[in-house]
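Structure assessment
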Amino acid sequence: MGRSISEGEVVMKATNVLLPLSIVTRLGVVLLLCFFAMMTEYLNYKTAYNNPRLVELASGKSVRVFYEATDAIFDFLGDPIEVAQSNGGMTWSIRVLGVPFTDPVAAISVFAKGGSWTWGFVLGLAVPVSLALIFGRVFCAYVCPASLAFYTMFRIRHVLEKWFLLPDLKLNRGFAWGVLIGGTGAAIWAGHGVWSLILPYFAVGQTLFHGIAMGTLSISLGSIVFFALLDLFFGPQFTCRYVCPTGRLLGFIGRRSLVSVRRDANRCIDQCNTCAEVCPMNVSPKLDQTVDCSLCGACLTMCPSNCLSVGNRGEK
Ligand code: SF4
Ligand code: SF4
Ligand code: SF4
């Protein structure tokens, strides 16, 4: 007769899924951004030429192949131009199947600059704000394309720490609020484009867009490298912990999220501090602190007593 699965094993299986899931979803976002950049290029050719032969004459055979393949895919999905127009943008303000997503920092910046909020822009805020209210800072672990680079830096740093003493600088978390205020001021003065240098995920989107749709290197690539070096030489996940205003804002909105990491105090080990040590966001489930938790699952996977779980904040 088969052995029944204990509650602890169920929790363990569920927690082991979170980390790979977060990598898959973030890779999906990167692919989506690449796809959107291709769509922009396609839309340009479609509206300018609407003919494969003319596309080839203008830009060469390989672009014709790209144009025809994209045309075939969109044709399958519906009217190619409508499909391309209902999907597009960047992490700043994106549409997927016509559903808009607006970055809360973008909304603040547009509002501060006295710009008008369109209904699509306002509706687009509902998704990230609701996600934060329900799940906390999950955008960071499951959506943000820049966090893949920072996660990689986190691992590289971990390996380097075996041979080198690397600094672990702690800043006040209010620093990111300062970046938000300073960035908004800079956006009022110089335009919203400054965010493509300040917001790491916007910089990733901009770099992909320039590389794919325009075949050029974006200046935003420089800021990605800068943030990656901050993480490497200043402290683990330094950018996400102390610099990125979006992370701070979403952490604030989701500070009492409905779903969070929960600890069974009866099974927690006094001498252990593993959950706090592995947390990329500097959260300590041991102290029942969950503000800024991105539900990445790292602490749940590493907890030696399996006393951590994800669920309704009020229940234990
Ligand atoms: S803190 Fe910013 S850069 Fe880091 S994962 Fe969150 S949104 Fe991305
Ligand atoms: S407490 Fe930290 S390690 Fe645990 S799920 Fe949240 S962010 Fe990840
Ligand atoms: S890792 Fe688990 S056992 Fe260790 S302190 Fe955290 S909750 Fe307690």
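Residues numbered from 1 in each chain as written. Chains lettered and ligands numbered in written order. Predicted model: local features only at pLDDT ≥ 70, side-chain atom pairs only at ≥ 80, totals over all residues.

**What about the overall build of the chain?**
- Helices and strands together make up the secondary structure of the chain, namely 16 helices and five strands.
- With 316 residues in all, the chain has 37% of them scored as buried.
- Of the contacts made within the chain by residues no fewer than 6 positions apart, 68% connect residues no fewer than 24 positions apart. (Helix = DSSP H or I, 4+ residues; strand = E, 2+ residues; numbered from the N terminus. Buried ≥ 20, exposed ≤ 12 C-beta atoms within 10 Å, placed from the backbone. Contact = placed C-beta atoms within 7 Å.)

**Notes on helix α3 (residues 61–77)**
- The end-to-end C-alpha distance of α3, which contains 17 residues, comes to 25 Å, matching closely the 24 Å that a straight helix rising 1.5 Å per residue would cover.
- Taken together, the buried positions of α3 are Tyr 67, Thr 70 and Phe 74. Each buried residue of α3 lies within a common arc of 75° when the element is viewed along its axis, so the set occupies one face. What points out from α3, more than 90 degrees from its buried face, is the exposed set Lys 61, Ser 62, Ala 69, Ala 72, Asp 75 and Phe 76.
- Downstream of α3 by one or two residues, Gly 78 has phi in the positive range, about 145°. (Expected span 1.5 Å × (residues − 1). Arc of directions from axis to C-beta.)

**Quick word on the site of ligand 2**
- By nearness alone, 13 residues border ligand 2, and Cys 279, Cys 293, Cys 296, Ala 298 and Cys 299 come closest of all.
- Among the residues making up the shell around ligand 2, the classes are represented as 11 nonpolar, two polar and no charged. (Near = placed C-beta within 6 Å. Nonpolar A, V, L, I, M, F, W, Y, C, P; charged D, E, K, R; others polar.)

**Examining the site of ligand 3**
- What surrounds ligand 3 is a group of 14 residues, the closest being Cys 268, Cys 272, Thr 274, Cys 275 and Cys 303.
- Looking at side-chain class alone, the shell around ligand 3 contains nine nonpolar, three polar and two charged residues.

**As for the nonpolar core**
- Ranked by size, the top nonpolar core spans 61 residues in total, and within it Val 138, Phe 139, Ala 146, Leu 199, Cys 299 and Leu 308 carry the most contacts.
- In terms of residues, this core owes the most to one element, helix α1 (residues 7–48), which gives seven residues.
- Once residues lying within four places of it in the same chain are set aside, the contact partners of Ala 146 are Pro 200, Tyr 201, Ala 203, Val 204 and Ile 224. (Core = buried A, V, L, I, M, F, W, Y, C linked by C-beta atoms within 7 Å.)

**Comments concerning the confidence of the model for the chain**
- Considering every residue of the chain, the mean pLDDT works out to 85; 89% of them sit at 70 or more.
- Taken element by element, the chain is modelled with least confidence in strand β1 (residues 88–90), mean pLDDT 62, and with most confidence in helix α13 (residues 238–243), mean pLDDT 96.
- Here residues 1–13 is modelled with pLDDT under 50, and outside its nearest four sequence neighbours on either side it reaches five contacts, counting other chains as well. (pLDDT = per-residue confidence, 0-100.)

**What about the environment of Pro 128?**
- Structurally, the position occupied by Pro 128 is in helix α6 (residues 119–135).
- Judged by C-beta crowding, with 22 C-beta atoms within 10 Å, Pro 128 ranks as buried.
- C-alpha of Pro 128 to C-alpha of Asp 103: the two residues are 25 residues apart in sequence and 7.3 Å apart in space.
- The residues touching Pro 128, leaving out its near neighbours within four places in the chain, are Phe 101, Pro 104 and Phe 139.

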